[in-house]
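# An overview of the molecular structure
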Amino acid sequence: MLDRILWALLALTVFATPAVAQTMDVEEAELGPSIWMLEDEDNVAYIIGTIHLLKPETEWRTAYFEELLASVDQVWFEADVHSPEAQAQIQALVPQLGLNPQGQTLSSMLSEEGKANLATLAQRMGVPAEAMMASLDPLQPWLASVSLASAMAMAQGYDPQYGVEVALQAMIEPITDDVRYFETAEQQLGFLAGLPQAVQLRDLESSLKQSVEEPHLLDELALAWEVGDIEAIDHMINDRMKSESPEMYQALIVNRNYDWCEQIDQIMMGDEDVMIAVGVGHLPGPEGLAEVLRNLGYGVWQIQ
């Protein structure tokens with residue numbers, strides 16, 4: 001289960017050099033995940049919006065993206081969850097931050113509708129409802145929600161080993177060893193664990209209902225990501241989160257976007273060309289990375 005948590009915790013949500021832009025016509029670039037670009041007089045940044053679990057057959061690496069990646073000096077990710085040190089830290093922290101106090105169970109907090117929706121999802125995954133509830137009972141709502149979402153994705157054929165971050169880690173090895181992170185694994189766990197329990201529970205109940213009523217939502221999101229439909233992604237991720245859990249939207253999307261943009265502003269004061277890979281939900285909307293960076297005075301363009 002911890003392995004699923006490591007991948008599911010990454011929040012859902014892209015920049016390249018002027019030389020590349022001159023050698024390849026943007027309009028002729030292959031259809032693929034959205035890539036954004038910002039630049040100043042010294043350097044350029046490319047931002048690619050990622051998705052953390054994909055099906056093995058998904059082909060997303062365009063020649064255009066590979067050319068951009070080959071041109072950069074430095075690559076930024078949300079957080080390190082791959083190194084042995086990070087995984088050991090997560091394994092130590094999850095029991096501290098994600099388990100219910102003695103005597104409290106998830107089933108005692110779920111509504112009857114929530115339990116019925118969970119039973120429906122268990123049936124779809126071929127798991128006895130009692131066994132699924134028993135496995136989730138020790139978990140706080142945020143951890144139950146993350147674990148269940150990851151398990152359902154994997155049951156539909158999505159695999160973290162084919163996620164964008166894993167592919168990028170392998171692709172950048174011959175390009176640069178300068179890999180950096182906006183956040184720590186502990187911070188990422190804290191964003192969810194720090195939410196009030198009532199907010200966590202409301203999100204879990206909403207997620208259960210949505211998963212029952214819209215079983216193909218993940219396929220729709222993956223397709224929108226694959227073809228760079230940023231408006232559809234904004235609606236499926238941000239609009240839903242804003243309406244169903246504004247506290248979670250503020251904590252997981254808005255606050256982090258502003259923090260990352262401050263760090264990107266510092267990056268742009270250097271002279272390295274960089275690639276930034278963050279969950280695709282962080283890019284669009286009035287409080288997305290692109291708009292916040294524009295408000296800081298940068299020109300930001302979608303180039304794929």
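So, here's what we can say about the structure. Values in this document were obtained by computation on a predicted structure and should not be read as measured data.

## Regarding the pattern of salt bridges
Taken as a whole, this structure holds 9 salt bridges when the rule is applied. With a closest N to O distance of 2.9 Å, Glu183 and Arg256 form a salt bridge. You can see Glu183 sitting in strand β4 (residues 179-183) and its partner Arg256 sitting in helix α14 (residues 246-267), a full 73 residues away along the chain.

## Topic: helix α6 (residues 112-124)
Owing to its 3.6 residues per turn, the α-helix brings residues three or four apart onto one side. If you check α6, its first and last C-alpha atoms are 19 Å apart, about what 13 residues at 1.5 Å a residue would give, namely 18 Å. Within the span of α6, buried status applies to Gly114, Asn117, Leu118, Leu121 and Ala122. One side of α6 holds all its buried residues, which, seen down the axis, span an arc of 140°. Residues Glu112 and Gln123 are exposed on α6 and point more than 90 degrees away from its buried face. For α6, the secondary structure elements touched by its buried residues are α7 (129-136), α8 (141-155) and α11 (197-213). One or two residues past the end of α6 sits Gly126, with phi positive at roughly 75°.

## Considering the packing of aromatic side chains
Taken as a whole, this structure holds 5 aromatic pairs when the rule is applied. A centroid spacing of 5.5 Å and a plane angle of 55° characterise the contact between Trp60 and Phe65, whose relative ring orientation is tilted. Considering the side-chain rings of Phe182 and Trp260, the 5.5 Å spacing of their centres and the 25° angle between planes classify their relative orientation as stacked. Taken together, the residues Phe182 in strand β4 and Trp260 in helix α14 connect sequence positions 78 residues apart. The exposure class of Phe182 is buried, given its relative accessible area of 6%. An aromatic cluster is present here, built from Trp60, Phe65 and Trp225 joined pairwise through their rings. The ring of Trp60 has Arg61 lying over it, and the distance from NZ or CZ to the ring centre is 6.0 Å.

Criteria and thresholds
- Residues numbered from 1 in each chain as written.
- Predicted model: local features only at pLDDT ≥ 70, side-chain atom pairs only at ≥ 80, totals over all residues.
- Heavy atoms only, no water.
- Salt bridge = Lys/Arg side-chain N within 4 Å of Asp/Glu carboxyl O.
- Helix = DSSP H or I, 4+ residues; strand = E, 2+ residues; numbered from the N terminus.
- Expected span 1.5 Å × (residues − 1).
- Buried < 20%, exposed > 50% of the residue type's maximum accessible area, 1.4 Å probe, protein only.
- Arc of directions from axis to C-beta.
- Contact = heavy atoms within 4.5 Å.
- Phe/Tyr/Trp six-rings, centres within 6.5 Å; stacked < 30°, edge-to-face > 60°.
- Lys NZ or Arg CZ within 6 Å of the ring centre and 35° of its normal.

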